[in-house]
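# Summary of structural features
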Amino acid sequence: QVHMVESGGGLVQPGGSLRLSCAASGRIPGMYVMGWYRQAPGKQRESVATIASGGGTNYADSVKGRFTISRDNAKNTVYLQMNSLKPEDTAVYYCNARTLFVGRTYEYWGQGTQVTVSS
């Protein structure tokens, strides 16, 4: 079984930085995409950033230039460096891995880590 474990959330002042990490405890088959999603109270879960196995990235417009996603394939770990944080970034952040293997899709989610940006 694959388990995704997030860490690095917390309380930070506007303009501050946080670095989130998410490690998969088991092997994920295929060439999987990893990403970060977030959900604020009263809002739908949204994609923040994704990164393919080869390193290609996509970012939500709201975080471009401020957040950086990276991954270490050998460690099955994805990171999200968050700089210049804004109160609007406050949400529960979830890591995700998605893969297509032998014609079937597999998707794994972390438990979520709270990020609060406040004075």
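The residue numbering used here restarts from 1 in each chain and proceeds along that chain's sequence as written. A pLDDT threshold of at least 70 governs which residues receive local features in this predicted model, and a stricter bar of 80 or more applies before side-chain atom pairs are shown or counted, although totals over entire chains, interfaces and linings include all residues. With hydrogens and water excluded, all non-hydrogen atoms of the structure serve as input to the side-chain values.

## Quick look at the pairing of strand β11 (residues 113–117)
Three exposure classes are used, based on accessible area relative to the maximum for each residue type with a 1.4 Å probe and protein chains only: buried under 20%, partly exposed in between, and exposed over 50%. By the criteria applied, helices consist of DSSP H or I runs no shorter than four residues and strands consist of E runs no shorter than two, each listed in order from the N terminus. Of the two faces of β11, the one lined by Thr113, Val115 and Val117 is fully buried and the one lined by Gln114 and Thr116 carries no buried residue. Strand direction decides the pairing type here: strand β2 (residues 10–12) and β11, joined by 3 bridges, are parallel. Its bridge partner lying in β11, glycine 10 is registered against valine 115. At least two bridges found by DSSP between two strands is the condition for calling them paired. Strand direction decides the pairing type here: strand β9 (residues 91–101) and β11, joined by 3 bridges, are antiparallel. Looking at the pairing, valine 92 lines up with glutamine 114 of β11.

## What to know about the sheet that holds strand β3 (residues 18–24)
Taking strand neighbours across the sheet as the criterion, the 4 strands line up as β1-β3-β8-β7 in an open arrangement whose pairing is antiparallel. Strand pairing shows two members of the sheet lacking a second neighbour, β1 (4–7) and β7 (67–72), which therefore form its edges. When strand polarity is set aside, the average angle formed by the axes of neighbouring strands in this sheet is 15 degrees. Where β3 and strand β8 (residues 77–82) come together, 6 bridges link them in antiparallel fashion. Of the residues in β8, the one forming a bridge with alanine 23 is threonine 77. Orientation is described by axes fitted as lines to C-alpha atoms, over the contacting stretch for helices, and by angles from 0 to 180 degrees between their N-to-C directions.

## A short note on the pattern of salt bridges
Pairing between side chains becomes possible if they bear opposite charge and their charged atoms approach one another. Any Lys or Arg side-chain nitrogen found within 4 Å of a carboxyl oxygen on Asp or Glu counts as a salt bridge. This structure, assessed with the given rule, holds 5 salt bridges. Glutamate 107 serves as the salt-bridge partner of arginine 98, at 3.6 Å between the closest nitrogen and oxygen. Relative accessible area serves as the criterion here: at 42%, arginine 98 is assigned to the partly exposed category. Take glutamate 107: its relative accessible area is 39%, and that puts it in the partly exposed class. Three or more residues are tied together by salt bridges with common partners; here these are Arg38, Glu46, Arg66 and Asp89.

## Examining the side chain of threonine 113
If you trace the backbone, threonine 113 turns up in strand β11. Using a relative accessible area of 12% as the deciding quantity, one classes threonine 113 as buried. A polar contact of 3.3 Å, which involves the side chain of threonine 113, links it to the backbone nitrogen of glycine 9. The contact criterion used throughout is that any non-hydrogen atoms of two residues lie within 4.5 Å. Residues in contact with threonine 113, not counting those within four places in the same chain, are Glu6, Gly9, Leu20, Ala91, Val92 and Tyr93. Each polar contact in these results corresponds to two N or O atoms within 3.5 Å; when the atoms are within protein, one needs to be able to donate a hydrogen and the other to accept it, and residues that are neighboring in sequence are counted only if both atoms are side-chain atoms.

## Digging into the nonpolar core
Grouped together as the largest cluster of nonpolar side chains are 30 residues, with contacts concentrated most on Met4, Trp36, Leu80, Met82 and Tyr93. When contributions to this core are tallied by element, the ones reaching two or more residues are β3, β4 (33–39), β5 (46–51), β7, β8, β9 and β11. By nonpolar core is meant a set of buried Ala, Val, Leu, Ile, Met, Phe, Trp, Tyr and Cys residues that side-chain atoms within 4.5 Å join together.

## Concerning the pairing of strand β10 (residues 104–109)
As paired strands, β9 and β10 are joined by 6 bridges and run antiparallel to one another. Within the sheet, the bridge partner assigned to phenylalanine 101 lies in β10 and is arginine 104. Counted along the chain from β9 to the antiparallel partner β10, the turn is 2 residues long, and its residue valine 102 has a positive phi close to 50 degrees.

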